[in-house]
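One letter stands for each residue in the lines below.
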Amino acid sequence: MKRKSRPVSILMAEDDPDDCMLVEEAFRESCLGNDLFFVHDGEELLQCLRQQGRYAAPAFAPRPGLILLDLNMPRKDGLEALEEIKADPHLRHTPVVVLTTSQTEEDVLRTYDLGVAGFITKPVTFEGLVEVVKAFGQYWFEIVELPNGGRVKSFSRNNSARRSSG
Amino acid sequence: MFETVQPAIFLMAENDPDDRLLVKEAFQESRVVNNLHFVEDGVELLDYLRQQGKYANPENFPTPDLILLDPNMPRKDGREALEEIKADPLLRHLPVVVLTTSKTEEDILRSYDIGAASFITKPVTFEALVEAVKGLGKYGVQIVRLPSKDT
C-alpha cells in the first residue's frame, strides 16, 4: 500500500445531471471519499482548470488530481477539451479518464491518440458502475502514483463530499 | 458486467533480468490473462513497435495493447523512448504505463507530462507486485478499453 500525502480532487465533466448523480452515488457506494466536482461542458471544464471566469477565485476552483471526461457535451465536447488540455503545458500532466456512453473504436483510438489515460464505457447498470468505480479507485489511488502526490480519502459519513459547480 | 476480452498483449521494456523474471512471475501468479513480451532497452522497444530489425515479423512480435516501461534503461532510456513514442503519430495512441523504482515527484510529473498513461512505483515485495499486476490487469484490461490493434 502506498504512502500518500494529500487527498485528490476529481473533476468530472458530464452534461447529464442524472449521470452526475449516479457517479456520485457510485463513489459513495465504493467508499471513495475524494471530493468530486462537476462541470457540465467542455468550456466550463477548461475555465475551471485555468481558474478563469467564475472559477477565478481559488475557493471555487478545485485543482483536480484527475479528470473524468464525458465525450458528448454541449458547447465544447470531450474530444476538443481533451485536445486543449493535452496541448497546455500547465494542464497536460493531469491524467484524464474518459467515461462515456460511446463505444466506437474511432472514439477510443482518437482519445488515446490525444493522450487519454484510460477510456471507460459507462456500464448500463448501477451495480456495474459501482464495480467500475471501485476498480478505478483501486487502480488510481492504491496502485498508481499521481502527479503532485495525491491519495484516496476513505469515506466517512460525516464528510460532505457532495459538490457541484456554481 | 465484465466483457470477455481477448488476451491483452503486454510489452515490457526492462533491462534488469531479475525484474523481468519477477514481473513474469507476478503476471502468472495474478492470473492476468495476457501475453507478456519483453524488450531490454529503449532501442529494442522502438524497433519492436516499428516492427524493424529482429522484430520485423508481427506474428512473433505482435503490436502490444499496453506498454510497461522502466525509464531507467541503457542505450535509449525510457524517458527518451516515451517521448519518441508519444511524438510518433503511428505509435502515440499506445498506452504506456511507467513501472519504475523511482518515486520522485519530478519523475512522476515528467512521465505524465510526456504522455504516460500511469506511473507505478515498483512494489518492494513480490506479494505487492502481484497485487499491482492484478490491479493493472483488472483495470487496464477489464475496465478500460484499449485502442484496437486493427487501426
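Above this text is the structure in question.
Draft legend 1. Inspection of the overall build of chain A at higher detail. Scanning chain A from N- to C-terminus turns up five helices and seven strands. Listing each helix as α and each strand as β along chain A from the N terminus yields β-β-α-β-α-β-α-β-α-β-α-β. Looking at chain A as a whole, 56% of its 166 residues qualify as buried. Sequence-distant contacts in chain A: of pairs separated by 6 or more residues, those separated by 24 or more amount to 71%. Accessible area of chain A: about 7300 Å², with a carbon and sulfur share of 48%.

Draft legend 2. Representation of the interface of chain A and chain B in the model. Taken together, the 35 residues of chain A in the interface contact 31 residues of chain B. Across the chain A to chain B interface the summed buried area is about 2900 Å²; carbon plus sulfur atoms make up 57%. At the junction of chain A and chain B, the tally comes to three salt bridges. Between Arg92 of chain B and Asp113 of chain A there is a salt bridge whose closest N-O contact spans 3.2 Å. Applying the counting rule to chain A against chain B returns eleven residue pairs in polar contact (both at pLDDT 80 or more). Top element by residues in the side of chain A that touches chain B is helix α5 (residues 126-143) of chain A. It accounts for nine residues. Taken together, the residues of the side of chain A that touches chain B break down into 19 nonpolar, nine polar and seven charged.

Draft legend 3. Just the pattern of salt bridges, in detail. Per the counting criterion, the structure on display carries 23 salt bridges over all chains. Its salt-bridge partner being Glu44 of chain B, residue Lys54 of chain B comes within 3.4 Å of it at the nearest N-O pair. Taken together, the positions of Lys54 of chain B in the loop between α2 (42-49) and β3 (66-69) and Glu44 of chain B in helix α2 put the pair ten residues apart, joining distant regions of the chain. In this structure, Asp107 of chain B and Arg110 of chain B form a salt bridge, with 3.9 Å as the shortest nitrogen-oxygen distance. Residue Asp107 of chain B and its partner Arg110 of chain B are both found in helix α4 (residues 105-114); the two are separated by three residues, about one turn of the helix. Here the salt bridges do not stand alone but share partners, grouping Glu14, Asp19, Asp70 and Lys122 of chain A into one network.

Draft legend 4. Fine view of the packing of aromatic side chains. Tallying each qualifying case throughout the model produces nine aromatic pairs over all chains. Measuring from centroid to centroid gives 4.1 Å for Tyr139 of chain A and Tyr139 of chain B, while their planes differ by 15°, and the two rings are stacked. Taken together, the positions of Tyr139 of chain A in helix α5 and Tyr139 of chain B in helix α5 (residues 126-143) put the pair across two chains. Note on accessibility: Tyr139 of chain A and Tyr139 of chain B belong to one class, buried. Consider the rings of Phe10 of chain B and Phe27 of chain B, whose centres lie 5.0 Å apart with planes at 70°: the pair is edge-to-face. Linking Phe10 of chain B in strand β1 (residues 8-13) with Phe27 of chain B in helix α1 (residues 17-30), this pair joins segments that are 17 residues apart in sequence. By the burial criterion, Phe10 of chain B is buried, and Phe27 of chain B matches it.

Definitions and cut-offs
Counting starts from 1 at the beginning of each chain's written sequence and moves along it residue by residue. Here every chain gets a letter starting at A, and every ligand a number starting at 1, in the order they are written. Local features in this predicted model are restricted to residues of pLDDT 70 or higher, and side-chain atom pairs are both shown and tallied only at a pLDDT of 80 or more, whereas totals for entire chains, interfaces and linings draw on every residue. Side-chain numbers here rest on the full set of heavy atoms in the structure, without hydrogens or water. Starting at the N terminus, helices and strands are each numbered in turn, a helix being any DSSP run of H or I of at least four residues and a strand any DSSP run of E of at least two. Any residue under 20% of the maximum accessible area for its type is buried, any over 50% is exposed, and the rest in between are partly exposed; the area is computed with a 1.4 Å probe on protein chains only. Residue contacts follow a heavy-atom distance rule, with two residues in contact if any of their heavy atoms lie within 4.5 Å. To measure how exposed things are, a 1.4 Å probe is used in the Shrake-Rupley method; for residues, cover is taken only from the protein chains shown. Reported buried area values correspond to the accessible surface (1.4 Å probe) lost by two parts on association, with both partners' losses combined. One speaks of a salt bridge when a side-chain nitrogen belonging to Lys or Arg is within 4 Å of a carboxyl oxygen belonging to Asp or Glu. In protein, a polar contact means a hydrogen-donor-capable atom and an acceptor-capable atom, both N or O and within 3.5 Å, with residues adjacent in sequence counting only if both atoms are side-chain atoms; elsewhere, any N or O pair within 3.5 Å suffices. In this classification, Asp, Glu, Lys and Arg are treated as charged, Ala, Val, Leu, Ile, Met, Phe, Trp, Tyr, Cys and Pro as nonpolar, and every other residue, Gly included, as polar. Aromatic pairs are defined between Phe, Tyr and Trp rings, using the six-membered ring for Trp, whenever the two ring centres lie within 6.5 Å; interplanar angles under 30 degrees are classed as stacked, those over 60 as edge-to-face, and all others as tilted.

Read these as geometric descriptors, not functional statements.
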